[in-house]
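As a plain string of letters, each chain reads:
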Amino acid sequence: MGRGTVQLTRVADDVHVVTGTNVNWAVVTEGREVTLVDAGYPLDAGAVIASIEAVGRRPSDVVAVLLTHAHLDHMGGIPHVQSRSGCRVVTGADEVAHAHRERLEQVSVRRLLAQTRTPAGARWVGQTLRAVGPHVGMRLAGVEAAPGESPVDAPGRLVAVETPGHTTGHTAFLMPSSGVLFSGDALVTGHPLCRHDGPQRLPGIFHHDADGVRSSLRDLRDVPADVLVPGHGVPVRAPLADLVDGALERTDHR
Ligand SMILES: [Zn+2]
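Residues numbered from 1 in each chain as written. Predicted model: local features only at pLDDT ≥ 70, side-chain atom pairs only at ≥ 80, totals over all residues. Heavy atoms only, no water.

Caption draft 1: Focus on the overall build of the protein. When helices and strands are tallied, the protein shows eight helices and 12 strands. Here the protein has a C-alpha radius of gyration of 16 Å; the compact-globule value for 254 residues is 18 Å, and the two agree. When the backbone C-alpha atoms are referred to their principal axes, the protein occupies close to 45 × 40 × 35 Å. Taking all 254 residues of the protein together, the buried fraction comes to 55%. Here the protein displays about 10800 Å² of accessible surface, and carbon together with sulfur accounts for 50% of that area. Of the side chains in the protein, 24 bear a positive and 28 a negative charge, and the two mean positions are spaced by 8 Å. (Helix = DSSP H or I, 4+ residues; strand = E, 2+ residues; numbered from the N terminus. Rg over C-alpha atoms; globule rule 2.2 N^0.38 Å. Buried < 20%, exposed > 50% of the residue type's maximum accessible area, 1.4 Å probe, protein only. Areas by Shrake-Rupley, 256 points an atom, 1.4 Å probe, with all protein chains shown as cover. Lys, Arg positive; Asp, Glu negative; His and termini not counted. Charge placed at Lys NZ, Arg CZ, Asp CG, Glu CD.)

Caption draft 2: Region of interest: the side chain of His166. If you trace the backbone, His166 turns up in the loop between strand S8 (159-162) and strand S9 (171-175). There is a polar contact of 3.0 Å between the side chain of His166 and the side chain of His207. Once residues within four sequence positions are removed from consideration, His166 is found in contact with His69, His71, Asp185, Leu202, Phe206, His207, His208 and Val213. (Polar contact = N/O pair within 3.5 Å; in protein donor to acceptor, adjacent residues only side chain to side chain. Contact = heavy atoms within 4.5 Å.)

Caption draft 3: Quick look at the coordination of the zinc ion. At the metal site, the zinc ion is ligated by Asp73 (OD), His74 (NE2), Asp185 (OD) and His232 (NE2), and these contacts range over 2.1 to 2.4 Å. Coordination geometry of the zinc ion: the four donor atoms subtend angles of 91 to 161° at the metal centre, consistent with an arrangement described as irregular. Here the donor residues of the zinc ion share one chain and are spaced in sequence as D-H-x110-D-x46-H. Of this pair, Asp73 sits in helix H2 (residues 72-75) while His232 sits in the loop between strand S11 (227-230) and strand S12 (236-237), placing them 159 residues apart in sequence. Taken individually, Asp73 and His232 each receive the classification buried, so the pair is uniform in this respect. (Donors = N, O, S within 2.8 Å, 3.2 Å for Na, K, Ca; no water. Tetrahedral: all angles 85-135°; square planar, octahedral: opposite > 155°, others 65-115°.)

These figures come from the coordinates and say nothing about function on their own.
Listed below in structure tokens is the structure:
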């Protein structure tokens, strides 16, 4: 289950970013207590637990998981964390039904397998299938909607930023006290299927609504942040508006 050493990147006093199977999550601390932002693939669950312990906290210290969107690479570790902590799970108001699997907005198996045409794609498909394991049908229960513009009552006091497109209820989270934006898959800095690193959108096959991705990206220009923690790729320190402009200029894919 991917236990053992985990690589943590500290982007603020109380924020550590962790990379699992081609995907990031973050450990936000406030005193003893922990908020997780996303939780990796199902088979990253052991690494999620190890990352909590690596910052000197216990799994039972987790108060909440903030979920950017209900894809398997972001919500997979949640049941394991919840069983150890009884934590709340909070996502955007329009993403709750997706997390409960009242609807499904996910890349189809056919389009996934089509990626095996290139060596990099084939490697990524293999890693993805392994990381999902037998949990492809997983769903969450009892997920809460983030409050509109007020902070989520959990360590870090993060504020939900609606960023529909990648999924209907995709939600980024801003940590005002440290200027960190957790952008999920609304804005990334790399992915095994991307040709180049740097701020950009994910390839179109992943998006439920590609036009929505573009307009949500434009809206992120106005968010007061200077540290970007994306769902995929490395964290970057720069004014968010500059990163957004960089991503909008990329025309690798749409
Ligand atoms: Zn993702």
